[in-house]
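Summary of structural features
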Amino acid sequence: MKIKLSFITLFSVITLLLAACGAAPVAASQPAVQQPAAPTQPAGQQPASGNIVEVKIAGFAFSPAELTVKVGTTVKWTNEDSAPHTVAGSGWGSDTLNKGQSFSYTFTSAGTFAYQCGVHPNMKATVTVTQ
Ligand code: CO
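Values in this document were obtained by computation on a predicted structure and should not be read as measured data.

Considering the overall build of the protein
Assigned secondary structure in the protein consists of one helix and seven strands. Here the protein holds 131 residues, and the buried ones make up 24% of them. Sequence separation of 24 or more characterises 47% of the internal contacts of the protein that already satisfy a separation of 6 or more.

This is the structure we're talking about:
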C-alpha cells in the first residue's frame, strides 16, 4: 500500500511538472507571425560575382552557347564528348580537354567574349560579361 501511494504521488508530481513546464512556455515561444519564406532570386538576375557557372561540351557543341554572367564569375567548361575539344578565346583558353576534363576561367572585365573549339572551329559560343 505504501509503494502504491508512492507511485501515485510520483506520477502526480511528474504530471504537474510536465504541465507546468510544457503548456505555457511552449505556447509563448511560438512566434505570433510566421517567418516569411526566404526571398527567391528574381527572374533574369545573373549569378553574383564569385559564382561558378558551368558550360558543358557535348554533341560537338557548347551548351549554353550564349551565356551572360557578371564580372568576377568563373565559367567552368566540361567536355562530355569522347572527342577532344578545347575552349579557345582571344588571349585565353584551354589545353585539349579529353572526356571528363574541365577548364575554368574567371571573367574579370565586362564585354562579349567569343570563343570556339580549336579542334572544330565550327563550334562557336560567347560569354557576355556584365557589370
Ligand atoms: Co571540338
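Now that the structure has been shown, we can carry on.
Details of the packing of aromatic side chains
Taken as a whole, this structure holds 10 aromatic pairs when the rule is applied. Residues Trp77 and Phe103 carry aromatic rings whose centres are separated by 5.7 Å and whose planes lie at 25 degrees to one another, so their mutual orientation is stacked. Here Trp77 is found in strand 4 (residues 74-79), whereas its partner Phe103 is found in strand 5 (residues 102-106), with 26 residues between them in sequence. Like Trp77, the residue Phe103 is buried in the burial classification. Ring centres of Trp77 and Tyr115 lie 5.3 Å apart, and the angle between their planes is 80 degrees; on these two criteria the pair is classed as edge-to-face.

Considering the sheet that holds strand 5
In spatial order, the strands read 2-1-4-5; together these four strands make up an open sheet with mixed pairing. Edge positions in the sheet fall to strand 2 (62-63) and strand 5, since each has one partner strand and no second. Strand direction decides the pairing type here: strand 1 (residues 52-57) and strand 4, joined by six bridges, are parallel. Among the inter-strand pairings, Val53 is bridged to a residue of strand 4, identified as Val75.

Side note on the coordination of the cobalt ion
Bound to the cobalt ion are the protein donor atoms His85 (ND1), Cys117 (SG), His120 (ND1) and Met123 (SD), situated 1.8 to 2.6 Å from the metal. Judged by its relative accessible area of 18%, His120 falls in the buried class.

Cut-offs and rules
- Residues numbered from 1 in each chain as written.
- Predicted model: local features only at pLDDT ≥ 70, side-chain atom pairs only at ≥ 80, totals over all residues.
- Heavy atoms only, no water.
- Helix = DSSP H or I, 4+ residues; strand = E, 2+ residues; numbered from the N terminus.
- Buried < 20%, exposed > 50% of the residue type's maximum accessible area, 1.4 Å probe, protein only.
- Contact = heavy atoms within 4.5 Å.
- Phe/Tyr/Trp six-rings, centres within 6.5 Å; stacked < 30°, edge-to-face > 60°.
- Pairing = 2+ DSSP bridges.
- Donors = N, O, S within 2.8 Å, 3.2 Å for Na, K, Ca; no water.

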